[in-house]
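Below are the chains, spelled out letter by letter.
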Amino acid sequence: MQRRLADFAAARGWEPYHTPKNLAVALSVEASELVEIFQWLTPEQSAKVMEEPESAHRVADEVADVLAYLLQFCEVLGVDVLDALAAKIERNELRFPAAGPTAPNCHSSE
């Protein structure tokens, strides 16, 4: 997918604009557009957002945009996204052992 995205951008001459800063900003904008879909929904409504074709389509489009910019960002900076994720999960497994006590609302992706 990263190669396909790179080829897509190259065919349109967009490489000069795909700097780490620009891609990080674009990623943030697209993530905000995803958040906007859920902004005024109750937790119950948000859990059912994929049941309606219109909102399901919007969510899928925004998820695709977020992923596309994240993959392009990683490509430009040479980050192996799957290696980075695996390393983060391993660190989180050490920080938050499954056998330990759990407390509500203490999830963190830091």
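One structure accompanies this document, and this report is about it.

### A short note on the packing of aromatic side chains
Part 1: Tallied over the entire structure, the rule returns one aromatic pair.
Part 2: Their ring planes at 75° and their centres at 5.5 Å tell us that Phe-8 and Trp-14 sit as a pair that is edge-to-face.

### Notes on the packing of helix α1 (residues 2–11) against helix α4 (residues 53–77)
Part 1: Relative orientation of the contacting elements α1 and α4 amounts to 90°, with a least axis distance of 9 Å. By the criterion of interaxial angle, the relationship of α1 to α4 is roughly perpendicular. On the side of α1, the interface is formed by Gln-2, Arg-3 and Leu-5, while α4 contributes Ala-68, Leu-71, Gln-72, Cys-74 and Glu-75.
Part 2: Considering only residue class, the contact of α1 with α4 consists of four nonpolar, two polar and two charged.

### Section: the side chain of His-18
Part 1: Topologically, His-18 is positioned in the loop between α1 and α2 (20–38).
Part 2: Separated by 3.2 Å, the side chains of His-18 and Gln-72 make a polar contact.
Part 3: Non-local contacts of His-18, meaning those with residues more than four positions away in its chain, are made with Ala-9, Leu-23, Gln-72 and Val-76.

Rules and cut-offs
Residues numbered from 1 in each chain as written. Predicted model: local features only at pLDDT ≥ 70, side-chain atom pairs only at ≥ 80, totals over all residues. Heavy atoms only, no water. Phe/Tyr/Trp six-rings, centres within 6.5 Å; stacked < 30°, edge-to-face > 60°. Axes fitted to C-alpha atoms, helices over the stretch in contact; angles between N-to-C directions. Helix = DSSP H or I, 4+ residues; strand = E, 2+ residues; numbered from the N terminus. Parallel < 35°, antiparallel > 145°, perpendicular 65-115°, else oblique. Contact = heavy atoms within 4.5 Å. Nonpolar A, V, L, I, M, F, W, Y, C, P; charged D, E, K, R; others polar. Polar contact = N/O pair within 3.5 Å; in protein donor to acceptor, adjacent residues only side chain to side chain.

All quantities given are derived from atomic positions and should not be read as evidence of function.
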